[in-house]
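Listed here are the chains, written in short residue letters.
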Amino acid sequence: MSKEQKEREPLFSTKNIKLLTTPLNLSNPITVQVLGICSALAVTAKLMPAIVMSISVMVVMAASNVVISLLRNGIPPRIRIIVQLVVIATMVILVDQVLKAFVYDVSKQLSVFVGLIITNCIIMGRLEAFAMGNKPWPAFLDGIGNALGYGLILVVIAFLRELFGSGTIFDFRVIPQGFYDFGYVNNGLMILPPMALITVGVIIWIQRYYTRELIEEN
Amino acid sequence: MYTNGYIFRYAAIMVIIAAALLSLAAVLLKPFQERNMAIEKMGGILASAEVEGVETANTIELFNRFVVEELVVDKDGNAAPYKDGKMEDGPAFKIDMKKELYKKSKGEAFHLPIYLINKDGKTVYVLPLRGTGLWGPIWGNIALKEDFNTVVGVTFDHKGETPGLGAEITTAAFCDQFVGKTIFGDDGHFMSIMVVKGGAQKLPQNMQIHGVDAISGGTITSDGVNAMIKDVLSAYLPYIKKQRAQ
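Every value quoted in this text rests on a predicted model; they were computed, and no experiment measured them. (Residues numbered from 1 in each chain as written. Chains lettered and ligands numbered in written order. Predicted model: local features only at pLDDT ≥ 70, side-chain atom pairs only at ≥ 80, totals over all residues. Heavy atoms only, no water.)

Residue and element names in this part refer to chain A. Along helix α2 (residues 14-21), the residues that are buried comprise Asn16, Leu19 and Leu20. Buried residues of α2 fall within an arc of 95° about the axis and therefore sit on the same side. Away from its buried face, by an angle of more than 90 degrees, α2 presents the exposed residues Thr14, Lys15 and Lys18. Next to the buried residues of α2 lie α9 (136-166). (Buried < 20%, exposed > 50% of the residue type's maximum accessible area, 1.4 Å probe, protein only. Helix = DSSP H or I, 4+ residues; strand = E, 2+ residues; numbered from the N terminus. Arc of directions from axis to C-beta. Contact = heavy atoms within 4.5 Å.)

Shown next, in the form of structure tokens:
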């Protein structure tokens, strides 16, 4: 950040803080904009892949937002979608390679879904809607904020699914053996994608109950 | 305001930069990725011999401890042993099954690896497998007892079989069926192990010891496993027959 810009606007001005916090609730990518549902269903059977997925999306989103924002004045409008896709695809392949090199087990679990970050509508959406018209620093915050909103929902879903589906948290058994002796069984349905969709639905319901601004007039 | 020339130049430069970045990353990260793949391969070999307590962190150590010898077997059944030094550096471990099986299909000379694992004082022979599933390659290991007949355990893995269907070949439920099965009939004929659609109980009584249940909805992957075991074991057959004759 240049000094000149700092004088005009502090790094964490109210406006910039808003970029980080609104995607957590009011404009949450999953529960309000209903984007990125595909990966939210696919990688949330366990907490660990969900967290790695969230971090990967965060890196890709923040980095591509910054790159596109830096390039925004030079990108020819006629090929801007292609430019955005090239940037996203490059970032995703980099993340995928790094995961394969350092967290191989998790990368195997995530398998194709890391590659599918390329098609995650949230990222394209933020590039087109925000990074193309804003400076790098706000674009960076916007990317982090939206990835946090996405990750928050992913982690909540994964927590519930792992707890009720496998009886574990981070692969540690948390439901005591005594429960099973009494006839408690893990809910196998929680492991399957349909229950993730229903969980998303329940989260949206609860969120709308507490956030009246989200309720439409009609 | 943006001419066609500008657009073309822009696109070309962007693509070159992206390509350079990705190539650089691929080259720099390759040693780490290969290490991970080697660890996974070792893990599979140990798991097929039912060695317990194998985790990513201790795989290399356990591999060097449990594997007591490596053999490189040629098509006539002659074996070149490798005993001294680290097992992970052995010539057998470096063999690329895909290339060797391709040579075999061409009728050329080929070399296949065998790992000897010392488990509770008994030797277990682990033979790597490789074949084709529905969407891509499948591979695994089959561990045999000293009689070269009874199966100690198997592991399978795949590149991209359908989750929930073909991909079920990696599960314990599927692999555990192989334990205790035999690959030779009573008369000494090579029977392989059949992966039977509709269940092994469809086979005649005396054949059931050579059969396991296929996966519902995963027919082509199951057939692939069936063919893989048969093809690869028959490549080892000259060596196995020599050992059985002794």
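Attention shifts here to the packing of aromatic side chains. Following the criterion strictly, the structure yields 16 aromatic pairs over all chains and no others. Ring geometry for A:Phe102 against B:Phe32: centres 4.9 Å apart, planes inclined by 50°, an arrangement best described as tilted. Pair noted here: A:Phe102 is in helix α5 (residues 80-102) and B:Phe32 is in helix α1 (residues 4-48), and the two residues belong to different chains. Here the aromatic rings of B:Phe93 and B:Tyr115 are separated by 6.5 Å at their centres, their planes lie at 75°, and the arrangement is edge-to-face. A residue pair is termed long-range when its members are at least 10 positions apart, and B:Phe93 in helix α3 (residues 91-94) and B:Tyr115 in strand β3 (residues 111-119) qualify at 22 residues. The residues B:Phe93 and B:Tyr115 share a single accessibility class, namely buried. A network of ring pairs unites the aromatic residues A:Phe179, A:Tyr180 and A:Tyr184 as a single cluster. If you follow A:Arg212 out to its NZ or CZ, it ends over the ring of A:Tyr209, 5.5 Å from the centre. The side chain of B:Arg244 reaches across the aromatic face of B:Phe184, ending 4.0 Å from its centre. (Phe/Tyr/Trp six-rings, centres within 6.5 Å; stacked < 30°, edge-to-face > 60°. Lys NZ or Arg CZ within 6 Å of the ring centre and 35° of its normal.)

Here we take up the sheet that holds strand β4 (residues 122-132) of chain B. All names here are of chain B. Spatial strand order, β2-β1-β3-β4-β5-β6: six strands in an open sheet with antiparallel pairing. Edge positions in the sheet fall to β2 (79-82) and β6 (151-158), since each has one partner strand and no second. Going from strand to strand, the sheet's axes swing by 25° on average, the running direction of each strand aside. Relative to strand β5 (residues 137-144), β4 runs antiparallel, the two sharing eight bridges. (Pairing = 2+ DSSP bridges. Axes fitted to C-alpha atoms, helices over the stretch in contact; angles between N-to-C directions.)

Moving on: the pairing of strand β1 (residues 67-74) of chain B. Residues and elements named next belong to chain B. Extensive coverage of β1 is indicated by the burial of seven of its eight residues. Both β1 and β3 contribute to a ladder of seven bridges, which runs antiparallel. If you follow valine 72 over to β3, its bridge partner there is proline 113. Bridge count for β1 against β2 is four bridges, and the pairing is antiparallel. Counted as the bridge partner of valine 73 is alanine 79 from β2. Connecting the antiparallel pair β1 and β2 is a turn made up of four residues, with glycine 77 showing a positive phi of about 90°.

On to the interface of chain B and chain A. In this complex, chain B contributes 20 residues to the contact, which on the side of chain A involves 21 residues. Counting each side, the surface lost to burial between chain B and chain A is near 1,800 Å², with a carbon and sulfur contribution of 67%. There are two salt bridges connecting chain B and chain A. The partner of A:Lys108 in a salt bridge is B:Asp157, with the nearest N and O atoms 2.8 Å apart. Where chain B touches chain A, the interface holds eight residue pairs in polar contact (both at pLDDT 80 or more). Here the side of chain B that touches chain A takes 17 residues from α1(B), the largest share from any one element. (Buried area = accessible area lost by both parts, 1.4 Å probe. Salt bridge = Lys/Arg side-chain N within 4 Å of Asp/Glu carboxyl O. Polar contact = N/O pair within 3.5 Å; in protein donor to acceptor, adjacent residues only side chain to side chain.)

Before going further, it helps to spend a moment on helix α6 (residues 219-245) of chain B. If you check α6(B), its first and last C-alpha atoms are 36 Å apart, about what 27 residues at 1.5 Å a residue would give, namely 39 Å. Along its length, α6(B) shows its largest kink, about 55°, at B:Leu237, and proline B:Pro238 lies within four residues downstream of that point. (Expected span 1.5 Å × (residues − 1). Bend = angle between axes of the 7 residues up to and from the residue.)

Let us now look at the packing of helix α4 (residues 47-71) of chain A against α5(A). Any two packed helices are characterised by the angle at which their axes cross and by the distance between the axes. Residues and elements named next belong to chain A. Contact geometry of α4 with α5 gives a least axis separation of 9 Å together with a crossing angle of 140°. Considering their axes alone, α4 and α5 lie oblique with respect to each other. Taken as a pair, α4 and α5 cross one another with a handedness that is right-handed. Within the contact between the two elements, α4 uses Val52, Ser56, Val59, Val60, Ala63, Ser64, Val67 and Ile68 and α5 uses Val83, Gln84, Val87, Ile88, Met91, Val92, Val95 and Leu99. Within the contact of α4 with α5, the residues separate by chemical class into 13 nonpolar, three polar and no charged. (Parallel < 35°, antiparallel > 145°, perpendicular 65-115°, else oblique. Left-handed = near helix turned anticlockwise from the far one by under 90°. Nonpolar A, V, L, I, M, F, W, Y, C, P; charged D, E, K, R; others polar.)

One non-glycine residue, A:Val34, adopts positive backbone phi at about 50°. Relative to the helices and strands, A:Val34 is located in the loop between α2 and α3 (37-42). On the basis of relative accessible area, A:Val34 is assigned to the partly exposed category, the value being 47%. Phi at B:Asp120 takes a positive value of approximately 50°, unusual for a residue other than glycine. Within the secondary structure layout, B:Asp120 lies in the loop between β3 and β4. Overall, B:Asp120 belongs to the exposed group, its relative accessible area being 74%.

The next subject is the pairing of β5(B). Residues and elements named next belong to chain B. Counting buried positions along β5 gives six out of eight residues, so the element sits mostly inside the fold. Hairpin remark: β4 followed by β5, antiparallel, with four residues in the connecting loop. Looking at chain direction, β5 and β6 are connected through seven bridges and run antiparallel. By the bridge assignment, isoleucine 138 is partnered in β6 with histidine 158. Following β5, the chain reverses through six residues before pairing antiparallel with β6; phenylalanine 148 in that reversal takes a positive phi of roughly 55°.

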